[in-house]
Amino acid sequence: SLKREVEVAGLEVLTSTKHVLPPSDWKKDQVSAFRRFLKEFYFSVASRATPLFGSLIVVATKPGGPSTPTVALDIENSLRCPISGSRLVRDGDTYVAKAEGVMYRYPVREGIPTLISEDAEVTARRE
């Protein structure tokens with residue numbers, strides 16, 4: 001029934017499997033010893049009879065290939081200094097913004113510009 005609904009929705013079913021999840025430890029810790037035994041017993045039986053007790057997992061995809069973006073984004077040209085609002089320019093392992101005689105330098109960590117005001121190195125620019 002679920003596979004049929006997925007196909008009716010216009011998706012292509014790639015795989016469908018049954019799976020039994022074990023009871024979580026934190027839930028077992030919150031119940032009585034008898035209830036904990038029942039949870040573990042149910043899991044033991046269900047994992048041996050997965051077709052009967054398992055949850056259905058359906059993996060589906062949209063028909064057709066991946067779409068390609070029509071406009072390429074140039075993220076680097078849209079970066080702005082959070083303090084001055086001026087454009088940031090890559091300078092080695094930092095991004096630099098210059099505004100009104102002040103230079104703001106932001107670090108790049110693991111390839112990602114860290115544009116946090118408190119992390120900026122602020123210096124007066126020499127004219």
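Here E100, not a glycine, exhibits a phi torsion of approximately 50°, which is positive. Following the sequence through the fold, E100 ends up in the loop between β4 (94-99) and β5 (102-109). The backbone of E110 sits at a positive phi, close to 55°, despite the residue not being glycine.

One finds L79, C81, L88, Y95, A97, A99, Y104, Y106, V108 and A120 forming the largest nonpolar core, which totals ten residues. Only β4 and β5 provide two or more residues apiece to this core.

Taken as a whole and judged by the stated rule, the model has four salt bridges. We note a salt bridge from K28 to D25, for which the minimum N-O separation is 3.6 Å. Remark: D25 and K28 occur in helix α2 (residues 25-29); sequence separation between them is three residues, near one turn of the helix. Here D25 falls in the exposed class, since its relative accessible area comes to 52%. A salt bridge links R109 to D119; the shortest N-O distance between them is 3.3 Å.

What counts, and where the lines are drawn
Residues numbered from 1 in each chain as written. Predicted model: local features only at pLDDT ≥ 70, side-chain atom pairs only at ≥ 80, totals over all residues. Heavy atoms only, no water. Helix = DSSP H or I, 4+ residues; strand = E, 2+ residues; numbered from the N terminus. Core = buried A, V, L, I, M, F, W, Y, C linked by side-chain atoms within 4.5 Å. Buried < 20%, exposed > 50% of the residue type's maximum accessible area, 1.4 Å probe, protein only. Salt bridge = Lys/Arg side-chain N within 4 Å of Asp/Glu carboxyl O.

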